Number of protein chains: 2
Amino acid sequence: MSHPHPDLTLPPPLPAGGLRVVPLGGLGEVGRNMAVLEHEGRLLVIDCGVLFPEDNQPGVDLILPDFDYIRDRLDDIEAIVLTHGHEDHIGAVPYLLRLRADIPLVGSQLTLAFIEAKLKEHRIAPLTLAVREGQVEQLGVFECEFVAVNHSIPDALAVAVTTAAGTVLHTGDFKMDQLPLDGRITDLRAFARLGERGVDLFMVDSTNAEVPGFVAPEREIGPVLDQVFSESTGRVVVASFASHVHRVQQVVDAAVANDRKVALVGRSMVRNMGIAAELGYLKVPDGALVDIKQVENLPDDRVVLMCTGSQGEPMAALSRMANKDHKVSVGAGDTVVLASSLIPGNENAVFRVINGLMRLGARVVHSGNAKVHVSGHASAGELLYCYNVLRPRNVMPVHGEVRHLVANAALAVKTGVPADRVVLAEDGVVVDLVDGRASVVGAVPCGYVYVDGSSVGAITEVELKDRRILGDEGFVSIFAVVSSQDGTVLAGPQIHARGVAEPDDVFDAVLPQLTQALEEAVRGGATDSHQLQQVMRRVVGRWVSGRLRRRPMIIPVVVEA
Amino acid sequence: MSHPHPDLTLPPPLPAGGLRVVPLGGLGEVGRNMAVLEHEGRLLVIDCGVLFPEDNQPGVDLILPDFDYIRDRLDDIEAIVLTHGHEDHIGAVPYLLRLRADIPLVGSQLTLAFIEAKLKEHRIAPLTLAVREGQVEQLGVFECEFVAVNHSIPDALAVAVTTAAGTVLHTGDFKMDQLPLDGRITDLRAFARLGERGVDLFMVDSTNAEVPGFVAPEREIGPVLDQVFSESTGRVVVASFASHVHRVQQVVDAAVANDRKVALVGRSMVRNMGIAAELGYLKVPDGALVDIKQVENLPDDRVVLMCTGSQGEPMAALSRMANKDHKVSVGAGDTVVLASSLIPGNENAVFRVINGLMRLGARVVHSGNAKVHVSGHASAGELLYCYNVLRPRNVMPVHGEVRHLVANAALAVKTGVPADRVVLAEDGVVVDLVDGRASVVGAVPCGYVYVDGSSVGAITEVELKDRRILGDEGFVSIFAVVSSQDGTVLAGPQIHARGVAEPDDVFDAVLPQLTQALEEAVRGGATDSHQLQQVMRRVVGRWVSGRLRRRPMIIPVVVEA
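Residues numbered from 1 in each chain as written. Chains lettered and ligands numbered in written order. Predicted model: local features only at pLDDT ≥ 70, side-chain atom pairs only at ≥ 80, totals over all residues. Heavy atoms only, no water.

J.: What should I look at first to understand the sheet that holds strand β12 (residues 201-205) of chain A in this one?
T.: Strand pairing in a sheet relies on backbone hydrogen bonds. The paired strands run either parallel or antiparallel. All names here are of chain A. If you walk across this open sheet you meet the 6 strands as β8-β9-β10-β11-β12-β19, and the pairing is mixed. Either end of the sheet is taken by a strand with one partner, and the two such strands are β8 (136-139) and β19 (395-398). Shown here is a sheet whose adjacent strand axes are inclined to one another by a mean of 20°, direction ignored. Sheet analysis places strand β11 (residues 166-170) next to β12, joined by 3 bridges and oriented parallel. Note that in β12 the partner of L169 across the bridge is F202. Here helix α5 (residues 188-197) sits on the sheet and contacts β9 (142-149), β10 (156-163) and β11; the angle it forms with β9, its principal contact strand, is near 145°. Where helix α11 (residues 380-390) meets the sheet, it contacts β11, β12 and β19, and its direction lies at approximately 165° from that of β12. (Pairing = 2+ DSSP bridges. Helix = DSSP H or I, 4+ residues; strand = E, 2+ residues; numbered from the N terminus. Axes fitted to C-alpha atoms, helices over the stretch in contact; angles between N-to-C directions. Contact = heavy atoms within 4.5 Å.)

This is how it looks when you write it as structure tokens:
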């Protein structure tokens, strides 16, 4: 196992007959998954997802993979293979299609339906190729065989890409529920067959590699929901992810069994479950669903609200119910189920919602006190099965933070993959598969691309640093109008502050000192406004630091009139 | 169990002979624990701690209990009883003593040593009364018996307060390790004796009430540390809390057993362990400790660095090591142990540190993959023991968020305490114990008091809201100089922005429109700068919202010259 080296340089040209893999997202983070495969000058993209920002990326809406590496080679792209319909695998497709609209999208029926709905909002009509498990498609120089995998969304696929350089098996996201609700298991037979034929590079989901053992079957949640629903004397509210068709299916089933109607709440929930029902992935008995408007006319114990907001998102229905700011009120006798994981970083927000609901008297059931969630990603035990069935010649852990990638690499080594055949790479690291051997050959620049309002890539670390300072410390602005003739102060200085501890008039105390400093500077020969601004920043900065023991952003402006 | 009612009004006067309890912090949050007991016009304070801010309280250093309720009654306070030396129980004492310096502090030897060290930094020399377990002190009208409890810091005490109204037993923070390192168990015999005599109100730590079962003994960590130390071929770095004497003791013991020297890193770690060693709570064999400066001269496999920063604090040694920004380098062959909990809200920061260390090649051992931490708070199983031994007449869960208080209340009810004798209160809710019955009688105003730099209480929700907007969206400032005679624009308008997606010159596009709007406003009769500022705000706000799809803070300033 070699750790990615920070001093990597641009890679040499890819040797003839070799295959190059460049991850542009998802290696070193959970999200924005995207890999670019290259062979004989042609490119194949696997997934193109978004990453959600952390607390040190304030205000950012989304983070995209960095397309710079392929920006000048868009015409070389044969297709984008989408392994499944989660945002962290399809969410950045609209931004890539903005650069070239006719790149074909290849994926399963449900995956394509989800991305097409999203693209419609962006007013893009894509070229698509729907594929099923077992199907083989020649996409330019890339022969792609699609393999069924089980995940927390139906219709997920792994893809085996064969070229003259050998076979790469990319799992997408997967787990190995042996009793899935739809009977569609991860196809270990296909894995075995591919293994017999020879897998030269295994790119494998690392998300749960640190977790020992096996993920419990999704179907174990159904009886728990049934029990919770039957115990509740009031309304039941269930929050989960808006794409988790099988979770929603079990909520619908438990509702029907307990003579309750289900109302879907939240735009993405309504849209996705509409698609899933239309395509037959979600089976809704006649009359089981009602519109949210009808809920008020039903007795409390005849209702289930199925909503988003399980991560404590402040504008989602669940948070607003906890704050008594939603048309559906929740109180004593009602039960709220968070049938979801708690994504790291969201703890404060989720617990605020839970505390709010409990303060109102509701019972709150969540993965911390009942089995109402199972993960969608293979745990260590499942990964060991894969390594042993496949016996891959080289392994490249994908999808995860460094800790996940390292844990997955260790599992590979335990099953007998030689440590020097396990490639630890992060985003931008270039891995070449040549003569049956995968190795790191360099790195390409690969940064965070922030979507911020309507801007893409305009927000950089500079603006984020400014935001962090502004958010923690507030700012103080100072202005003065000086004569363009002789530099005398014509108006001001005025000081305004926001987000600091003291009212504006506290700054009156520094004004005489400031005026004096400006006058001295002018007498000393300072004439341009830049010099005078420096004087104002220094005087006020020193005073604020001494008085408030804080370091707000100081913005001095001198206007000449 | 009655939930605290948001419509509570100020309480009626306390009936003669009754006892009033007013929690000013710690009920509804984990931190700033403080309770005020009142009897016959006299007050007894139990604990006075700080709370650390969450992500929606940006820039804030500390949060204090709200002293407003006692501000005019400081002379009525008999004493402050400190149950133990953690920051969330003693950290606000300096701020209370600023209001009245001669309030006696009552606590165990180690607790008083920790608070005295802290007060020295604030240049306060307190009145103190050291007490031991088993000791009974008459503090004015309050007879206080101190009871040994086991916690994640030595020398913790519960306190039984007896007045004419009955006996209140306050646990402080505690758990019931039956094999503690120092042999000092939570004194169940004393609990039993108090129970026999009759406990009228049991105020009991709720922190782990949601966690089923029992906390594992602290001493089970020692062998794990020993194993980890013996496996490491390089340096060992251990991070934990700076007051966790027994954890540090086990690190010292494992280091000695593996022929390694320990260097303490971090101001609070050095200070607290110095106190603990001097008082005999930490036992350090001769020569076991070395100064951090000596580490460079020792072979890597002869060193243990014991440091702070286990919560991912960016300025602490551990984060700086992960960023290669510390004089001690960490790399392949080295082992880092996070012998600590992961406090909710700190996940992103902690995982950033773990990923950074693993990227450098270090092995990282933490509570997620090895038994290197146990909690300091009684789990549900232990709480049941307490309820059954004590058989309290009334119960008031303390110390925790609403979810913890509710879980603790449910445990009380399960052991047979009548539901109407279990009082669910949050900060500011007034509970009277009268004729052997505890009940909610009202509420007093009780807010968050923010320490922000040198200011205490000056930052309010208004400034925090400003900071959140500034942090998420940045700001745009606009100014113009207008003639005080005729309102014509003499200079500007100028626009400056920080933390927004576009460079300043993007705003050149709106300047003509802005100038025109100002001129129109002046022609229309707008003369005062307030009106003109509104015009500028509206024009630029609309433009920014359309162009950037964001809503930065807009600060218009018109200066008359």
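J.: Quick question: what am I supposed to make of the side chain of N150 of chain A here?
T.: Residue and element names in this part refer to chain A. By secondary structure assignment, the location of N150 is in the loop between β9 and β10. Only 3.2 Å separates the side chain of N150 from the backbone nitrogen of D177, close enough to count as a polar contact. Dropping the residues within four chain positions of it, N150 is found in contact with F174, K175, M176, D177, P180, R184, I185 and T186. (Polar contact = N/O pair within 3.5 Å; in protein donor to acceptor, adjacent residues only side chain to side chain.)

J.: Is there a simple way to explain the state of the cysteines in this structure?
T.: This structure, assessed with the given rule, holds 0 disulfides over all chains. Here C386 of chain A is not disulfide-linked; the sulfur of C144 of chain A is the nearest cysteine sulfur, at 20 Å. Free of any disulfide, C48 of chain B has its nearest cysteine sulfur in C446 of chain B, 12 Å distant. (Disulfide = S-S within 2.5 Å.)

J.: How should the relation of the copies chain B and chain A be read in this particular structure?
T.: Superposition of the two copies of the chain requires a rotation about an axis together with a shift along that axis. Under the fitted operation, chain B is carried onto chain A by 0.1 Å of movement along the axis and a turn of 180°, and the coordinates agree to an RMSD of 0.1 Å. Taken together, the rotation and translation describe the operation of a two-fold axis. Nearest to the rotation axis, the C-alpha of G471 of chain B is located 1.9 Å from it, this being the minimum over chain B. When you check the interface residues of chain B against chain A, 100% turn up at the interface there too, and the contact is symmetric in its surfaces. (Least-squares fit on C-alpha atoms with pLDDT ≥ 70 in both.)

J.: For this particular structure, what's the right way to read the interface of chain B and chain A?
T.: Frequently, the measure chosen for interface size is the accessible area that the parts lose on association. Taken together, the contacts link 60 residues of chain B with 60 residues of chain A. Taking both partners together, chain B and chain A bury about 5,400 Å²; carbon and sulfur atoms supply 55% of that area. Contact with chain A buries surface across chain B, with N348, R359 and R403 of chain B losing the most and accounting together for 10% of the total. Taken together, chain B and chain A are joined by 12 salt bridges. Between D466 of chain A and R498 of chain B there is a salt bridge, with its nearest N and O atoms 2.9 Å apart. (Buried area = accessible area lost by both parts, 1.4 Å probe. Salt bridge = Lys/Arg side-chain N within 4 Å of Asp/Glu carboxyl O.)

J.: Honestly, empty space enclosed by the protein in this entry has me stumped. Any pointers?
T.: Rolled over the atoms, a probe as big as a water molecule pinpoints where empty space is left. Residue and element names in this part refer to chain A. Enumeration over the complete set of coordinates arrives at 9 cavities of 30 Å³ or more. Size it by volume and the largest cavity reaches roughly 70 Å³. Together, N150, H151, S152, I153, P154, K175, D177, P180, L181, E218, H244 and H246 line the largest cavity. For the lining of the largest cavity, the per-class residue count stands at 4 nonpolar, 5 polar and 3 charged. (1 Å grid on protein atoms, 1.4 Å probe; cavity = no way out; pocket = protein on both sides within 12 Å on 5 of 7 lines; lining within 4 Å. Points joined across faces, edges and corners; volume = space filled by probe spheres on them. Nonpolar A, V, L, I, M, F, W, Y, C, P; charged D, E, K, R; others polar.)

J.: Looking at this structure, I do not really get the UniProt feature "binding site: substrate" (unreviewed entry) in chain A. What am I missing?
T.: Residues and elements named next belong to chain A. Under the UniProt annotation, the feature "binding site: substrate" (unreviewed entry) is placed at A242, S243, H244, H373, V374, S375, G376 and H377. Checking the annotated residues one by one, the ones that line the largest cavity turn out to be H244. With respect to the helices, strands and loops of the structure, H373 is situated in the loop between β18 (363-366) and α11. Once residues lying within four places of it in the same chain are set aside, the contact partners of H373 are I221, F241, R247, A339, S340, S341 and S367. Side chain to side chain, H373 and R247 meet in a polar contact 3.0 Å long. Secondary-structure assignment places H377 in the loop between β18 and α11. Residues within four places of H377 in sequence aside, it is in contact with H151, D173, F174, K175, D205, T207, N208 and V215. Among the polar contacts listed, one links the side chain of H377 to the side chain of D205, at a separation of 2.8 Å. (UniProt positions renumbered as here; feature names shortened; annotations may be inferred.)

J.: Before we go on, may I ask you to explain the packing of helix α4 (residues 109-121) of chain B against helix α8 (residues 267-278) of chain B in this structure?
T.: All names here are of chain B. Where α4 contacts α8, the axes come no closer than 10 Å and their chain directions differ by 135°. Viewed along their axes, α4 and α8 adopt a mutual orientation that is oblique. As for the relative orientation of α4 and α8, their crossing is right-handed in sense. For the pair formed by α4 and α8, the contact residues are L110, A113, F114, A117, K118 and E121 on the first element and R267, R271, N272, I275 and A276 on the second. (Parallel < 35°, antiparallel > 145°, perpendicular 65-115°, else oblique. Left-handed = near helix turned anticlockwise from the far one by under 90°.)

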